Amino acid sequence: AVCMYAQMLHELLVLQQLPLQSLSQRTSQAYTKIQDTFASTNFEGVAGTVKFGPNRADPDGSIIVQQMQNGGSIVDIATYSQGRLVFLGLNNLVFGLPNETFFAGPAGATSVSGR
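As a convention, each chain's residues are numbered from 1 in the sequence order in which they are written. pLDDT decides what is reported in this predicted model: residues at 70 or higher carry local features, side-chain atom pairs at 80 or more are listed and counted, and totals for whole chains, interfaces and linings draw on all residues regardless. Think of the side-chain values as coming from all heavy atoms in the structure, minus any hydrogens and water.

Colleague: Just checking my understanding: could you explain the sheet that holds strand 5 (residues 74–81) for this structure?
Modeller: Paired through their backbone hydrogen bonds, the strands of a sheet run either parallel or antiparallel. Strands qualify as paired when DSSP identifies two bridges or more between them. Each helix corresponds to a stretch of at least 4 residues labelled H or I by DSSP, and each strand to a stretch of at least 2 residues labelled E; elements are numbered beginning at the N terminus. As summarised here, the arrangement of the three strands in space is 4-5-6, forming an open sheet in which the pairing is antiparallel. Each of the sheet's edge strands pairs with one partner strand only, and the pair in question is strand 4 (62–68) and strand 6 (84–87). Ignoring strand direction, the axes of neighbouring strands in this sheet form an average angle of 35°. Pairing analysis gives seven bridges linking strand 4 to strand 5, with the strands arranged antiparallel. Bridge pairing in strand 5 links Val65 to Ala78. Orientation is described by axes fitted as lines to C-alpha atoms, over the contacting stretch for helices, and by angles from 0 to 180 degrees between their N-to-C directions.

Colleague: Please clarify how the side chain of Thr37 should be interpreted in this entry.
Modeller: Of note, Thr37 is situated in helix 3 (residues 28–39). On the basis of relative accessibility, which here comes to 8%, the residue Thr37 falls in the buried class. Throughout, a residue-residue contact means that at least one pair of heavy atoms, one from each residue, lies within 4.5 Å. Contacts of Thr37, omitting those with residues within four sequence positions, involve Met8, Glu11 and Leu12. Think of it in three bands: with a 1.4 Å probe and only protein chains considered, a residue is buried below 20% of the maximum accessible area for its type, exposed above 50%, and partly exposed in between.

Colleague: Even after reading the chapter, I still don't get the pairing of strand 6, so can you show me in this structure?
Modeller: Along any regular strand, the residues point their side chains to alternate faces of the sheet. Note that strand 5 and strand 6 share four bridges and pair antiparallel. Across the sheet, the residue bridging to Thr79 is Val86, located in strand 6. Here strand 5 folds back onto strand 6 in antiparallel fashion, the turn holding two residues, of which Gln82 has a positive phi close to 50°.

Colleague: What is the right way to read the side chain of Gln67 from this model?
Modeller: By the element assignment, Gln67 lies in strand 4. In terms of polar contacts, Gln67 uses its side chain to reach the side chain of Gln69, at 2.9 Å. For Gln67, the contacting residues outside a window of four places in its chain are Ser73, Ile74, Val75, Ile77, Asn92, Leu93, Val94 and Phe95. Between N or O atoms, a polar contact is any pair within 3.5 Å; within protein, one atom must be a potential hydrogen donor and the other a potential acceptor, and residues adjacent in sequence are included only when both atoms are from side chains.

Colleague: Would you take a moment to explain helix 3 for this structure?
Modeller: The periodicity of an α-helix, 3.6 residues per turn, causes residues three or four positions apart to be oriented the same way. The end-to-end C-alpha distance of helix 3, which contains 12 residues, comes to 16 Å, matching closely the 16 Å that a straight helix rising 1.5 Å per residue would cover. Inspection of helix 3 places Ala30, Ile34, Thr37 and Phe38 among the buried residues, and these make up the whole buried set. Along helix 3, the residues classed as buried sweep out an arc of 100° about the axis, all on the same side. Away from the buried face of helix 3 by more than 90 degrees, exposed residues Ser28 and Gln29 are located. Take the residue count of a helix, subtract one, and multiply by 1.5 Å to get its expected span. As used here, the arc belongs to the directions running from the helix axis to the C-beta atoms.

Colleague: How should the environment of Ile63 be read in this particular structure?
Modeller: By the secondary structure assignment, Ile63 is in strand 4. Along the chain, Ile63 and Phe103 lie 40 residues apart, while their C-alpha atoms are 20 Å from each other. Setting aside anything within four residues of it in sequence, one finds Ile63 in contact with Ala78, Thr79 and Tyr80.

Set out below in C-alpha coordinates:
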(Lines give C-alpha, C1' and ligand atoms only; values in the text may rest on other atoms or scores of the structure.)
Protein backbone atom coordinates (compact mmCIF):
# COMPACT_ATOMS: atom_id res chain seq x y z
CA ALA A 1 0.00 0.00 0.00
CA VAL A 2 2.87 2.38 0.73
CA CYS A 3 4.25 1.94 -2.78
CA MET A 4 0.81 2.56 -4.22
CA TYR A 5 0.44 5.87 -2.35
CA ALA A 6 3.98 6.92 -3.24
CA GLN A 7 3.34 6.27 -6.93
CA MET A 8 0.02 8.12 -6.81
CA LEU A 9 1.59 11.16 -5.14
CA HIS A 10 4.55 11.14 -7.54
CA GLU A 11 2.23 10.98 -10.53
CA LEU A 12 -0.03 13.81 -9.35
CA LEU A 13 2.42 16.13 -7.59
CA VAL A 14 5.58 15.67 -9.68
CA LEU A 15 4.54 14.51 -13.13
CA GLN A 16 1.19 16.30 -13.42
CA GLN A 17 2.40 19.18 -11.20
CA LEU A 18 -0.84 19.47 -9.25
CA PRO A 19 -0.52 21.62 -6.13
CA LEU A 20 -0.66 19.64 -2.88
CA GLN A 21 -3.40 21.99 -1.66
CA SER A 22 -5.70 20.88 -4.52
CA LEU A 23 -5.48 17.26 -3.30
CA SER A 24 -5.84 18.06 0.39
CA GLN A 25 -9.10 20.00 -0.04
CA ARG A 26 -11.15 16.77 -0.15
CA THR A 27 -13.21 17.81 -3.13
CA SER A 28 -14.93 15.41 -5.53
CA GLN A 29 -12.41 16.46 -8.20
CA ALA A 30 -9.46 15.57 -5.94
CA TYR A 31 -11.08 12.26 -5.01
CA THR A 32 -11.61 11.40 -8.68
CA LYS A 33 -8.01 12.31 -9.58
CA ILE A 34 -6.65 10.12 -6.79
CA GLN A 35 -8.92 7.17 -7.65
CA ASP A 36 -8.09 7.41 -11.36
CA THR A 37 -4.38 7.43 -10.53
CA PHE A 38 -4.75 4.42 -8.22
CA ALA A 39 -6.63 2.61 -11.00
CA SER A 40 -3.71 3.12 -13.36
CA THR A 41 -1.15 1.92 -10.79
CA ASN A 42 0.98 -0.96 -11.99
CA PHE A 43 4.24 -1.86 -10.27
CA GLU A 44 6.38 -4.80 -9.24
CA GLY A 45 5.97 -5.33 -5.50
CA VAL A 46 7.28 -7.89 -3.04
CA ALA A 47 4.36 -10.21 -3.83
CA GLY A 48 4.62 -9.70 -7.60
CA THR A 49 2.94 -7.31 -10.03
CA VAL A 50 0.36 -5.04 -8.44
CA LYS A 51 -2.27 -3.52 -10.72
CA PHE A 52 -5.88 -2.49 -10.42
CA GLY A 53 -8.75 -3.01 -12.81
CA PRO A 54 -11.15 -0.21 -13.71
CA ASN A 55 -13.47 0.74 -10.82
CA ARG A 56 -11.89 -1.89 -8.54
CA ALA A 57 -10.62 -1.21 -5.03
CA ASP A 58 -8.83 -4.56 -4.81
CA PRO A 59 -5.73 -5.38 -6.82
CA ASP A 60 -5.81 -7.89 -9.65
CA GLY A 61 -3.78 -10.97 -8.90
CA SER A 62 -3.54 -13.46 -6.07
CA ILE A 63 -2.48 -13.14 -2.45
CA ILE A 64 -2.34 -15.36 0.62
CA VAL A 65 -4.26 -13.92 3.57
CA GLN A 66 -2.34 -14.40 6.81
CA GLN A 67 -3.00 -13.58 10.45
CA MET A 68 -0.53 -12.88 13.24
CA GLN A 69 -1.72 -14.84 16.23
CA ASN A 70 -0.81 -15.12 19.92
CA GLY A 71 2.92 -15.33 20.43
CA GLY A 72 3.65 -13.63 17.11
CA SER A 73 3.24 -16.64 14.84
CA ILE A 74 1.92 -15.92 11.34
CA VAL A 75 -0.46 -18.48 9.87
CA ASP A 76 -2.01 -18.86 6.41
CA ILE A 77 -5.78 -18.38 6.45
CA ALA A 78 -7.02 -18.04 2.88
CA THR A 79 -6.21 -17.13 -0.69
CA TYR A 80 -7.68 -14.12 -2.46
CA SER A 81 -7.77 -13.96 -6.23
CA GLN A 82 -9.86 -11.87 -8.59
CA GLY A 83 -12.43 -10.89 -5.99
CA ARG A 84 -12.83 -14.33 -4.42
CA LEU A 85 -11.68 -15.29 -0.92
CA VAL A 86 -11.17 -19.03 -0.38
CA PHE A 87 -10.27 -20.42 3.04
CA LEU A 88 -7.50 -23.01 3.26
CA GLY A 89 -8.94 -24.91 6.25
CA LEU A 90 -5.52 -25.07 7.92
CA ASN A 91 -5.86 -22.64 10.84
CA ASN A 92 -8.37 -20.86 13.03
CA LEU A 93 -9.01 -17.13 12.92
CA VAL A 94 -8.17 -15.89 16.42
CA PHE A 95 -9.27 -12.49 17.71
CA GLY A 96 -8.53 -10.65 20.95
CA LEU A 97 -11.62 -11.31 23.05
CA PRO A 98 -12.54 -14.60 24.74
CA ASN A 99 -14.45 -17.03 22.51
CA GLU A 100 -13.48 -15.16 19.35
CA THR A 101 -11.92 -18.11 17.56
CA PHE A 102 -13.39 -19.26 14.27
CA PHE A 103 -12.48 -22.28 12.18
CA ALA A 104 -11.33 -20.89 8.83
CA GLY A 105 -12.48 -23.78 6.72
CA PRO A 106 -13.08 -26.37 5.55
CA ALA A 107 -10.68 -26.03 2.66
CA GLY A 108 -12.46 -24.35 -0.22
CA ALA A 109 -15.03 -22.54 1.95
CA THR A 110 -15.78 -18.93 1.02
CA SER A 111 -17.19 -17.81 4.39
CA VAL A 112 -16.93 -18.63 8.08
CA SER A 113 -19.52 -18.62 10.84
CA GLY A 114 -19.24 -18.09 14.60
CA ARG A 115 -19.45 -20.90 17.10
